[in-house]
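Single-letter residue listing:
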Amino acid sequence: MEQTLVEKEIVNEMIASGQPLLLAAEEEVLAQLPAGNWIAGTIPYFMTKEGGKITKDKIFVSQLPEYATKYKIQEYTADTIKNVYSDAPENGFSVIIIPASSPIHLRFALEAPDYLNFAITPLIGWISGIHLDNLGSQKPLVVNGLTTTSSDSSAVVMHVELPVGKYAEIKILNIFAEGSGDTISFLGDGFQVTDAIINGETRNFAAYIKEKELDTRLPLVANYSGAKINISFQSVNDDGTVDFYAPVFKNMEYKHAQSIENYVLSFISQMPTEDLDNIAFSCNCILNFLYSELEGKKTGGVVGPITFGEVAYQLLNQTLAYLTITDV
Amino acid sequence: MEVPPETNPIWLKLVTGELEYQFSFLAAKVLLTRIKLKAKFSNEPGVIEEGITQLRNLFIRSSHVPKIQQDLENLFTGGL
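All values reported here derive from a predicted model rather than from experimental measurement.

## A short note on the overall build of chain B
Looking only at helices and strands, chain B features four helices and zero strands. Shown N-terminal to C-terminal, the secondary structure of chain B runs as helices and strands in the order α-α-α-α. The C-alpha atoms of chain B give 12 Å as radius of gyration, which agrees with the globular expectation for 80 residues (12 Å, within 12%). When its C-alpha atoms are laid out on the principal axes, chain B stretches across 35 × 20 × 20 Å. For chain B, the proportion of its 80 residues judged to be buried stands at 49%. Of the contacts made within chain B by residues no fewer than 6 positions apart, 63% connect residues no fewer than 24 positions apart. Total accessible area computed for chain B in this model is approximately 4000 Å², and 51% of it derives from carbon and sulfur atoms. Of note, chain B has its 9 positive side-chain charges centred 7 Å away from the centre of its 9 negative side-chain charges.

In structure tokens form, the structure reads like this:
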């Protein structure tokens, strides 16, 4: 279960060996790879053992363990993504990569909790992106390695079966906790809201944020039976709307996160130290990378692509997600 | 231990929120929260029964996971 940032030539050799691979790199590099048992998403930001890195030339590789010999690569459209949990193996896990800002990204984010067999089998993954300098001029992509075709509108998934005696578990690291302030809920599901219910009173959410001078680098946090799930702010707009990087859900109660004195220290101090040898895949959020200024800084042994969103059963924000494989 | 049948009253208590329990397995936390939200606010008939089936299915599918076994023991053998 090796996860490393390597040169294209090394990835070529890995592909030639036939092993299943999860890849992340810039579009130009991925386009040069031969067909094989791999899926990929575009991104130039990475967490490596040496620290946060931005590279246009190298490829981040997550090699599946040798005993993961049964796997299936599948593409999903916005109309078929509802089957992603049901297509998963009885004992195993699935890794999904979705292009950012695509219809399938929005649809999965909003509808996944209602899909058949939601959360019954482990689904982990990430939202592919681009260099932030290229926003508006380039599209995030995913690539199906079987055909080497890329897409800005489909998701790619690798469903992996595990042998008896092994099990996969998804874990998250969220440095944010619910603050002690107002309880916030919303009138509907969506990435954009106008009004919010603040302690039972409906009012314009953008005006509330400005009045309270909320730090929008800190997410809204919902308590999922003890798991802290973030919704990150994208923008507070002059027209009174507020945009998020993941949808808020009607009737869910949110709190603005507690402020954090030192992002990097918070992050490093909470990094998992156990399980490191059992991690098969991990990814971290671009907002953590930016707000924690992680470029060049080491954050422990958890490595992987820096993403435009994380999937741990459902879409997450500002969270490190990782998958461990352990003996029963 | 084996996963108890849907008729075991603990499932109903979990889904309706009458019994608050902190699962150790992320999937159970996420799924239970979704189910409870639906059970509380949806007027659709059968929503509670459907939630019990979903939650129990997670336990059946993951019954080989040590954390799930521990949660089963805690919930259904008076360990709480």
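The rest of the description comes next.
## Looking at the sheet that holds strand β2 (residues 21-25) of chain A
Residues and elements named next belong to chain A. Strand order in the open sheet made by the six strands is β1-β6-β2-β3-β10-β11, with mixed pairing throughout. Each edge of the open sheet is held by one strand with a lone partner, namely β1 (3-6) and β11 (149-151). Along the sheet, successive strands turn relative to each other by an average axial angle of 20°, direction set aside. With three bridges connecting them, strand β3 (residues 38-42) and strand β10 (residues 142-144) associate as antiparallel partners. Across the sheet, residue glycine 41 finds its bridge partner in β10, namely valine 142. The sheet strands contacting helix α1 (residues 8-16) are β1, β2, β3 and β6 (59-63), and the helix crosses β6 at an angle near 30°.

## Looking at the nonpolar core
Counting residues in hydrophobic clusters, the biggest one holds 118 residues, and the most contacted among them are Phe108(A), Phe186(A), Phe205(A), Phe244(A), Tyr254(A) and Leu14(B). The element that contributes the greatest number of residues to this core is helix α2 (residues 26-41) of chain B, accounting for nine residues. For Tyr254(A), the residues in contact, after removing those within four places along its chain, are Asp182(A), Thr183(A), Ile184(A), Phe186(A), Leu220(A), Val221(A), Ala222(A), Ile231(A), Pro247(A), Val248(A) and Phe249(A).

## Let's talk about the sheet that holds strand β15 (residues 190-193) of chain A
Residues and elements named next belong to chain A. Spatially, three strands are ordered β15-β21-β20 in an open sheet, and the strand pairing comes out antiparallel. Looking at the sheet topology across the chains shown, the edges are occupied by β15 and β20 (233-236). In this sheet, neighbouring strand axes are inclined to one another by 25° on average, regardless of whether the strands run parallel or antiparallel. Examined bridge by bridge, β15 and strand β21 (residues 242-248) share three bridges and lie antiparallel to one another. Paired with glutamine 192 across the bridge in β21 is aspartate 243. Contacts from helix α4 (residues 205-212) reach β15, β20 and β21 within the one sheet, and its direction differs from that of β20 by about 90°.

## Concerning the interface of chain B and chain A
Each partner contributes residues to the interface: chain B has 23 residues there, and chain A has 30 residues. Surface buried jointly by chain B and chain A totals about 2300 Å² across both partners, of which 61% is contributed by carbon and sulfur atoms. Residue Arg61(B) is joined to Glu90(A) by a salt bridge in which the shortest nitrogen-to-oxygen separation is 3.5 Å. Those elements giving two or more residues to the side of chain B that touches chain A turn out to be α2, α3 (47-61) and α4 (66-76) of chain B.

## Comments concerning the confidence of the model for chain B
Confidence in the prediction for chain B averages 93 pLDDT; 98% of positions are at 70 or higher. Reported confidences for the modelled complex are a pTM of 0.95 and an ipTM of 0.92.

## Thoughts on the pattern of salt bridges
Where charged atoms of side chains with opposite charge meet at close range, the side chains can pair. The full count for this structure, using the stated rule, is 15 salt bridges over all chains. Salt-bridge contacts for Lys228(A) lead to Glu178(A); the nearest nitrogen and oxygen are separated by 2.5 Å. Residue Lys228(A) is found in strand β19 (residues 227-231), and its partner Glu178(A) is found in the loop between β13 (166-173) and β14 (184-185); the two are separated by 50 residues along the sequence. Note on Lys228(A): relative accessible area 24%, which makes it partly exposed. The residue Glu20(B) makes a salt bridge to Lys36(B) at a minimum N-O spacing of 3.3 Å. Here Glu20(B), found in the loop between α1 (9-16) and α2, pairs with Lys36(B), found in helix α2; they are 16 residues apart in sequence, far enough to count as distant. Since its relative accessible area comes to 61%, Glu20(B) is described here as exposed. Within the structure, one salt-bridge network assembled from shared partners comprises Asp79(A), Arg107(A) and Glu111(A).

## Describing the side chain of Ser232(A)
Residue and element names in this part refer to chain A. Inspection of the secondary structure assignment puts serine 232 in the loop between β19 and β20. Residue class for serine 232 comes out buried when judged on its relative accessible area of 0%. The contacts of serine 232, once residues within four sequence positions are left out, are Pro219, Asp243, Phe244, Tyr245, Leu287, Asn317 and Gln318.

## As for the environment of Leu58(B)
Note on placement: Leu58(B) falls in helix α3. You can call Leu58(B) buried: its relative accessible area is 0%. Along the backbone, Leu58(B) and Ala28(B) are 30 residues apart, and their C-alpha atoms lie at a distance of 7.4 Å. Aside from chain neighbours lying at most four places away, what touches Leu58(B) is Ala119(A), Ile120(A), Ala27(B), Ala28(B) and Leu31(B).

## Considerations on the side chain of Asp71(B)
Residues and elements named next belong to chain B. As for its placement among the helices and strands, aspartate 71 is situated in helix α4. The side chain of aspartate 71 sits in the buried core without any salt bridge; lysine 29 is the nearest counter-charge, 8.5 Å away. Among the polar contacts made by the side chain of aspartate 71, one reaches the main-chain amide nitrogen of serine 24 at a distance of 3.4 Å. Ignoring sequence-local partners within four residues, the contact set of aspartate 71 consists of Tyr21, Phe23, Ser24, Phe25 and Phe59.

Reading guide: rules and limits
All residue numbers refer to position in the chain's written sequence, counted from 1. To label them, take the chains in the order written and letter them from A, then take the ligands in the order written and number them from 1. Since the coordinates come from a predicted model, pLDDT governs what is reported: local features require at least 70, and pairs of side-chain atoms require 80 or more to be given and counted, while whole-chain, interface and lining totals use all residues. Excluding hydrogens and water, the side-chain figures rest on all heavy atoms present in the structure. By the criteria applied, helices consist of DSSP H or I runs no shorter than four residues and strands consist of E runs no shorter than two, each listed in order from the N terminus. Each radius of gyration is computed over the set of C-alpha atoms, and the globule rule expresses the reference value as 2.2 Å times the number of residues to the power 0.38. Whether a residue is buried, partly exposed or exposed follows from its accessible area with a 1.4 Å probe, protein chains only, as a fraction of its type maximum: under 20%, in between, or over 50%, in that order. By the convention used here, residues are in contact when the closest approach between their heavy atoms is within 4.5 Å. Residue-level accessible areas treat just the shown protein chains as cover; the underlying method is Shrake-Rupley with a 1.4 Å probe. For the purpose of charge, His is not counted, nor are the chain termini; Lys and Arg are scored as positive and Asp and Glu as negative. All charge positions are set by atom: Lys at NZ, Arg at CZ, Asp at CG, Glu at CD. A pair of strands is labelled paired if DSSP reports no fewer than 2 bridges between them. To obtain each axis, a line is fitted to C-alpha atoms, and for helices this fit is confined to the stretch in contact; angles are then taken between N-to-C directions over 0 to 180 degrees. Side-chain atoms within 4.5 Å are what join buried Ala, Val, Leu, Ile, Met, Phe, Trp, Tyr and Cys residues into a set we call a nonpolar core. When two components associate, each loses some accessible surface as probed by a 1.4 Å sphere; the sum of these losses over both components is called the buried area. Definition used for salt bridges: Asp or Glu carboxyl oxygen within 4 Å of a side-chain nitrogen of Lys or Arg. The quantity called pLDDT is the predictor's confidence in a given residue, expressed from 0 to 100. For this analysis, a polar contact is any N or O atom pair within 3.5 Å, provided that within protein one partner can donate a hydrogen and the other can accept it, and provided that sequence-adjacent residues contribute only side-chain to side-chain pairs.

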